[in-house]
Amino acid sequence: MAKIIMDEQAIHRALTRIAHEIIERNKGTEELILVGIKTRGVYLAKRLAEKIEQIEGESIRTGEIDITLYRDDLTPKRKDQEPELKGTDIQADITNQTVILVDDVLYTGRTVRAGLDAIVDHGRPAQIQLAVLIDRGHRELPIRPDFIGKNVPTSKDEVIEAKLTEFDQSEEVLLTQKTSL
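Now for a look at the structure at hand. Because the structure is a prediction, the values reported are computed rather than measured.

## What about helix α2 (residues 40-56)?
Here is step 1: If you check α2, its first and last C-alpha atoms are 24 Å apart, about what 17 residues at 1.5 Å a residue would give, namely 24 Å.
Here is step 2: Residues of α2 that are buried: Arg40, Gly41, Val42, Leu44, Ala45, Arg47, Leu48, Ala49, Lys51 and Ile52.
Here is step 3: Positive phi appears at glycine 57, one or two residues downstream of α2, with a value of about 75 degrees.

Written out as structure tokens, the structure reads:
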């Protein structure tokens, strides 16, 4: 049975707060680039950019990265099977810029580590900050988000699923029990 831990309004409020925190911490929007980790992180980065533009009256650059080839758990089911690449699109030069990496759920930190590697392959930012909608704990790597929508302590038997309208046709964050196969 799934429990709704964030509805559409809660997600909206969390993103609005994160947008204000990003502006405050960075003293404006100059030299900022929001880069979303595919898939849901891309939509969250675009939403944050829209909110920041509404607040500051200036547009903010966005990009998206595919971390597939950077994952440390990449093991195809068959040796002849290639991983499905979804493409990286960072139009701006990130060198000496502040990159804010955006993802939906932070768990072990391995996805973020892969995202950091992907960003560094595109240039050398002055700084990389991390914004997540949900931080559920259980880190396996020393990674800490700078901006958090909601902390949700979980057990390893639980799953957090963020659903966004742009991809899932619904807007909510669910907590469910892991199903054993």
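That was the structure; now back to the text.
## A look at the sheet that holds strand β5 (residues 127-135)
Here is step 1: Here five strands make up an open sheet; going across it, the order is β3-β2-β4-β5-β6 and the pairing parallel. This sheet does not close on itself; its edge strands, each paired only once, are β3 (61-65) and β6 (147-151). Strand-to-strand twist of the sheet, defined as the mean angle between neighbouring strand axes without regard to direction, takes the value 25 degrees.
Here is step 2: Both strand β2 (residues 32-37) and strand β4 (residues 98-106) contribute to a ladder of five bridges, which runs parallel. If you follow valine 35 over to β4, its bridge partner there is leucine 101.
Here is step 3: Its contacts with the sheet place helix α1 (residues 8-26) against β2, β4, β5 and β6, and it is angled at close to 150 degrees to β6.
Here is step 4: Lying on the sheet, helix α3 (residues 110-120) is in contact with β2, β3, β4 and β5; it crosses β4 at an angle near 155 degrees.

## Side note on the environment of proline 142
Here is step 1: Relative to the helices and strands, proline 142 is located in the loop between β5 and β6.
Here is step 2: Overall, proline 142 belongs to the exposed group, its relative accessible area being 86%.
Here is step 3: Between the alpha carbons of proline 142 and arginine 110 there is a distance of 9.8 Å; along the sequence they are 32 residues apart.

## Let's talk about the pattern of salt bridges
Here is step 1: Counted by the stated rule, this structure contains ten salt bridges.
Here is step 2: A salt bridge links aspartate 146 to arginine 25, with the shortest nitrogen-to-oxygen separation between them at 2.8 Å. In this pair, aspartate 146 sits in the loop between β5 and β6 while arginine 25 sits in helix α1, placing the two residues 121 residues apart along the sequence.
Here is step 3: Here arginine 47 ties to glutamate 171 by a salt bridge, and the two come within 2.4 Å at their closest N and O atoms.

Each value, and the rule that gives it
- Residues numbered from 1 in each chain as written.
- Predicted model: local features only at pLDDT ≥ 70, side-chain atom pairs only at ≥ 80, totals over all residues.
- Heavy atoms only, no water.
- Helix = DSSP H or I, 4+ residues; strand = E, 2+ residues; numbered from the N terminus.
- Expected span 1.5 Å × (residues − 1).
- Buried < 20%, exposed > 50% of the residue type's maximum accessible area, 1.4 Å probe, protein only.
- Pairing = 2+ DSSP bridges.
- Axes fitted to C-alpha atoms, helices over the stretch in contact; angles between N-to-C directions.
- Contact = heavy atoms within 4.5 Å.
- Salt bridge = Lys/Arg side-chain N within 4 Å of Asp/Glu carboxyl O.

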